[in-house]
Amino acid sequence: MNTAMSRLRIFRTIKKKSHGFFTGQAVYINPQGEWALAKADSIYTADAIGVVQSSDGSTFTYVINGYISGLTGLLDSYNYYLSENTAGAITSNPPSAIG
């Protein structure tokens, strides 16, 4: 595991074979200590740690804080939320659940 800071950005690279993550997906660590896609339908899956910046078959880099390049479909000055319908997705629709 490697954590780095680069001009207003904090990111971490994780080595994990067959992780299945793609750029733009929100991730968290589940109660079993495994990396998984975050989802806003439960307090257990909604605690996203960061958004995947890049990935390949054996590593992924996620951004904890700061600028992320390479994302599509997002615009500046909009609020974005963790999706309650699709694991890992970021949406402009706020979750309907309170809490």
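Since this is a predicted model, take the numbers as computed values, not measurements. (Residues numbered from 1 in each chain as written. Predicted model: local features only at pLDDT ≥ 70, side-chain atom pairs only at ≥ 80, totals over all residues. Heavy atoms only, no water.)

Notes on the overall build of the protein chain
The number of helices and strands found in the protein chain is 0 helices and 8 strands. Counting only C-alpha atoms, the protein chain reaches 35 × 35 × 20 Å along its principal axes. Per-residue burial for the protein chain yields a buried fraction of 30% across its 99 residues. Working note: accessible area of the protein chain is about 6700 Å², and carbon and sulfur atoms make up 51% of it. The averaged location of the 6 negative side-chain charges in the protein chain is 12 Å from the averaged location of its 7 positive side-chain charges. (Helix = DSSP H or I, 4+ residues; strand = E, 2+ residues; numbered from the N terminus. Buried < 20%, exposed > 50% of the residue type's maximum accessible area, 1.4 Å probe, protein only. Areas by Shrake-Rupley, 256 points an atom, 1.4 Å probe, with all protein chains shown as cover. Lys, Arg positive; Asp, Glu negative; His and termini not counted. Charge placed at Lys NZ, Arg CZ, Asp CG, Glu CD.)

Structural notes on the nonpolar core
With 7 residues, the main nonpolar core is built from Ile14, Phe21, Val27, Trp35, Val52, Phe60 and Tyr62. Counting residues in each nonpolar core, the second largest holds 6 residues, with Ala36, Ala38, Ala40 and Leu82 among its members. (Core = buried A, V, L, I, M, F, W, Y, C linked by side-chain atoms within 4.5 Å.)

Quick look at the side chain of Thr91
Structurally, Thr91 can be placed in strand β8 (residues 90-91). Of the polar contacts made by the side chain of Thr91, one reaches the backbone nitrogen of Asn93; its length is 3.1 Å. (Polar contact = N/O pair within 3.5 Å; in protein donor to acceptor, adjacent residues only side chain to side chain.)

With respect to the layout of surface pockets
Looking at the largest pocket, its volume works out to about 240 Å³. Considering the residues around the largest pocket, the lining is formed by Val51, Tyr67, Ile68, Leu71, Leu74, Leu75, Asp76, Ser77, Tyr78 and Tyr80. Among the residues making up the lining of the largest pocket, the classes are represented as 8 nonpolar, 1 polar and 1 charged. (1 Å grid on protein atoms, 1.4 Å probe; cavity = no way out; pocket = protein on both sides within 12 Å on 5 of 7 lines; lining within 4 Å. Points joined across faces, edges and corners; volume = space filled by probe spheres on them. Nonpolar A, V, L, I, M, F, W, Y, C, P; charged D, E, K, R; others polar.)

What about the pairing of strand β5 (residues 50-55)?
Judged from the 2 bridges that link them, strand β3 (residues 26-29) and β5 form a sheet pairing that is antiparallel. Residue pairing for β5: Val27 is matched across the bridge by Gly50. In terms of strand pairing, β5 meets strand β6 (residues 59-65) through 4 bridges, oriented antiparallel. Each bridged residue has a counterpart across the sheet, and for Ser55 the counterpart in β6 is Phe60. Where β5 folds back onto β6 in an antiparallel hairpin, the turn is made up of 3 residues. (Pairing = 2+ DSSP bridges.)

Considerations on the pattern of salt bridges
The full count for this structure, using the stated rule, is 1 salt bridge. With a closest N to O distance of 3.6 Å, Lys39 and Asp41 form a salt bridge. Residue classification places Lys39 among the partly exposed positions, given a relative accessible area of 21%. (Salt bridge = Lys/Arg side-chain N within 4 Å of Asp/Glu carboxyl O.)

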